[in-house]
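# A structural walkthrough
Letter by letter, the chains look like this.
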Amino acid sequence: MSSKGWDKVLWERQPFPDNYIHPHSFLSSLRRNPNFKPYTYWPLVLLCCAITQHLATIFTFLAVFVRLKERWLDARVLLWVSIVSFFGGYALYEILSYSNPGRGAFTRSNTIKSSLLVFLALMGLSPVLRTLTAATSSDSIWALSACLFLLNALLADYSSMKPVPQERLTSVLSMNAAISSSVVLASRLPDDLAVFALVLFAVQSFALFPILRHQLQVTPQIAQILFTLTLCVLSFALTIPLSVSVAYIYAGISITVTFVAPGVLIWAQKFKNEIRGPWDVAVPRLN
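Residues numbered from 1 in each chain as written. Predicted model: local features only at pLDDT ≥ 70, side-chain atom pairs only at ≥ 80, totals over all residues. Heavy atoms only, no water.

The next thing to look at is the pattern of salt bridges. Counted according to the given criterion, the structure contains two salt bridges. Asp74 is the salt-bridge partner of Arg76, the closest N and O atoms lying 2.9 Å from each other. A relative accessible area of 32% places Asp74 in the partly exposed class. Asp192 is the salt-bridge partner of Arg130, the closest N and O atoms lying 2.5 Å from each other. You can see Arg130 sitting in helix α3 (residues 108–130) and its partner Asp192 sitting in helix α6 (residues 192–216), a full 62 residues away along the chain. Looking at Arg130, the relative accessible area reads 31%, which means it is partly exposed. The class for Asp192 is partly exposed, based on a relative accessible area of 29%. (Salt bridge = Lys/Arg side-chain N within 4 Å of Asp/Glu carboxyl O. Buried < 20%, exposed > 50% of the residue type's maximum accessible area, 1.4 Å probe, protein only. Helix = DSSP H or I, 4+ residues; strand = E, 2+ residues; numbered from the N terminus.)

Shown next, in the form of structure tokens:
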């Protein structure tokens, strides 16, 4: 059958079947990876710093819990550290919000009211939280806490802060998992003050710190690197006196997440092969 006079239209009657294509133009519109943007190594490493910071926060919290449980740390010291950290973090957030007004600032009076409400609520609930899991074995508590912290790490929001902050469902579930894990761990502490100090520290670590971390992602790269390095050194220093093997496992995970995983992604880019052609569903182009 001759292809003379054939046009690629369906509304005109032609002496060709509807699925006819000219032999020389069959693969002329084929495109490979049309929307592909190759990654580079060091920007990926910088993006992975958010994950490293979150892991450091989890291991720091666990190290603090062990010290409280074994009575190696006075709960009053942790309480004052939490209070000082809150005011320091709030001041830093205000400075970053002032330098980036489009990032959205919140009312100071509402912040003070919410902080006082959380402080008083935790103080009043501490006796209840201490006996919350009295009938549950410690092995079940450790397993449940590990699963909840794993869920927290998987669902956490590691993206940079958008001009209009939008709370994601996964980030809410991640925070709830971390707070729930902290509560069940706090129920294994010996006194009410230790429970109150640990849960307050958990609220700051897993509810307030991610907000500050998002703001820090708009700072210069050297500031993000120094902040990540400080958190990693602190968590490693707190973990290694408790267990050398756990400290080395944590160091291995941090190195893998920060440096090895970006390299694996860069290596896997060469296997990406997305083929587009005229057989795909048409996508409208809007100006």
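In this structure, Ser182 sits in helix α5 (residues 169–186). By relative accessible area, which is 1% here, Ser182 ends up buried. For Ser182, the side chain forms a polar contact with the main-chain oxygen of Ala178, separated by 2.8 Å. Setting aside anything within four residues of it in sequence, one finds Ser182 in contact with Phe61, Phe149, Leu198, Ala202 and Phe206. (Polar contact = N/O pair within 3.5 Å; in protein donor to acceptor, adjacent residues only side chain to side chain. Contact = heavy atoms within 4.5 Å.)

The subject of this paragraph is the side chain of Gln269. For Gln269, the location among the structural elements is in the loop between α8 (244–268) and β2 (275–276). In terms of polar contacts, Gln269 uses its side chain to reach the backbone amide nitrogen of Tyr39, at 2.5 Å. Filtering out sequence-adjacent residues up to four positions away, Gln269 remains in contact with Phe36, Lys37, Pro38 and Tyr39.

Here the chain averages 82 in pLDDT, and 84% of its residues register 70 or above. Mean pLDDT across the elements of the chain bottoms out in α3 (72) and peaks in α8 (94). (pLDDT = per-residue confidence, 0-100.)

Tracing the backbone shows Leu189 in the loop between α5 and α6. Along the backbone, Leu189 and Lys69 are 120 residues apart, and their C-alpha atoms lie at a distance of 5.3 Å. For Leu189, the residues in contact, after removing those within four places along its chain, are Phe65, Leu68, Lys69, Arg130, Ala194, Val195 and Leu198.

Spatially, the C-alpha atoms of Arg130 and Val195 are 6.4 Å apart, while their sequence positions differ by 65 residues. The contacts of Arg130, once residues within four sequence positions are left out, are Ser187, Leu189, Pro190, Asp191, Asp192 and Val195. A distance of 2.5 Å separates a polar atom in the side chain of Arg130 from a polar atom in the side chain of Asp192.

Take α8 next. Across its 25 residues, α8 extends 34 Å between first and last C-alpha, which sits within 8% of the 36 Å expected from 1.5 Å per residue. A bend of about 40° at Thr256 is the largest found in α8. For α8, the full list of buried residues reads Ala247, Tyr250, Ser254, Val257, Thr258 and Pro262. Residues of α8 that are buried sit in contact with α1 (41–69) and α7 (221–239). (Expected span 1.5 Å × (residues − 1). Bend = angle between axes of the 7 residues up to and from the residue.)

Now for the nonpolar core. Core analysis: the largest hydrophobic core is formed by 34 residues, its most contacted members being Phe61, Leu68, Phe149, Leu189, Leu198 and Phe206. Among the elements of the structure, α1, α2 (75–99), α3, α4 (138–155), α5 and α6 are those that each provide at least two residues to this core. Sort the elements by how many residues they give to this core and α6 lands first, with 12 residues. (Core = buried A, V, L, I, M, F, W, Y, C linked by side-chain atoms within 4.5 Å.)

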